[in-house]
Amino acid sequence: MAQPVITSFSPTSGSVGTFVKILGSNFNTIAANNIVYFGATKATVSSVSLSSLTVIVPSGATYEPISITSNGLTVYLSKPFLFLPLLVTWHFFFKLLGYSCNYKVIFLP
């Protein structure tokens, strides 16, 4: 089998549960045979073809390159997926609706 190739992915940012479409070539047509990670967290592959994968951003995703292992060969995206915590995502949603949002961000270890 040939090395998987990634040509693009969209969207380039999102929160947990976002569907991300990865375009390329040489993917395995059996979903379970395509292993996708967002940083150190494994994603669920929801649909596949030889030229695309659709995956769901997992809880625990981090701002690191997405890796795909298909047919026993691994490839990394050259650009990281920008993971947006749900709080930030809701902030942008409410801004689009014209509401102002004031909140404090607390980072927990």
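How each quantity is defined
Residues numbered from 1 in each chain as written. Predicted model: local features only at pLDDT ≥ 70, side-chain atom pairs only at ≥ 80, totals over all residues. Heavy atoms only, no water. Helix = DSSP H or I, 4+ residues; strand = E, 2+ residues; numbered from the N terminus. Buried < 20%, exposed > 50% of the residue type's maximum accessible area, 1.4 Å probe, protein only. Contact = heavy atoms within 4.5 Å. Areas by Shrake-Rupley, 256 points an atom, 1.4 Å probe, with all protein chains shown as cover. Pairing = 2+ DSSP bridges.

(A) Molecular detail of the overall build of the protein chain. Helix and strand content of the protein chain: one helix and ten strands. Along the protein chain, from the amino end to the carboxyl end, the secondary structure elements read β-β-β-β-β-β-β-β-β-β-α. Taking all 109 residues of the protein chain together, the buried fraction comes to 33%. For the protein chain, long-range pairs separated by at least 24 residues make up 51% of all intrachain contacts whose partners lie at least 6 apart in sequence. A total of about 6800 Å² of accessible surface is found on the protein chain, and carbon and sulfur atoms cover 63% of it.

(B) Spatial organisation of the pairing of strand 8 (residues 66-70). The element strand 8 is extensively covered by neighbouring structure, given that four of its five residues are classed as buried. Inspection of the sheet shows strand 4 (residues 34-38) paired to strand 8 by five bridges, in the antiparallel sense. Paired with Val-36 across the two strands is Ile-68, which belongs to strand 8. Pairing geometry for strand 8 and strand 9 (residues 73-76), over four bridges, is antiparallel. Paired with Thr-69 across the two strands is Thr-74, which belongs to strand 9. Counting the residues in the hairpin turn of strand 8 and strand 9 gives two residues, including Asn-71, whose phi is positive at 60°.

(C) Main features of the environment of Phe-83. Summarising the element assignment, Phe-83 is placed in strand 10 (residues 82-83). A sequence separation of 21 residues divides Phe-83 from Thr-62, and the C-alpha atoms of the two residues are 6.0 Å apart. Residues in contact with Phe-83, not counting those within four places in the same chain, are Gly-14, Ser-15, Val-16, Val-57, Ala-61 and Thr-62.

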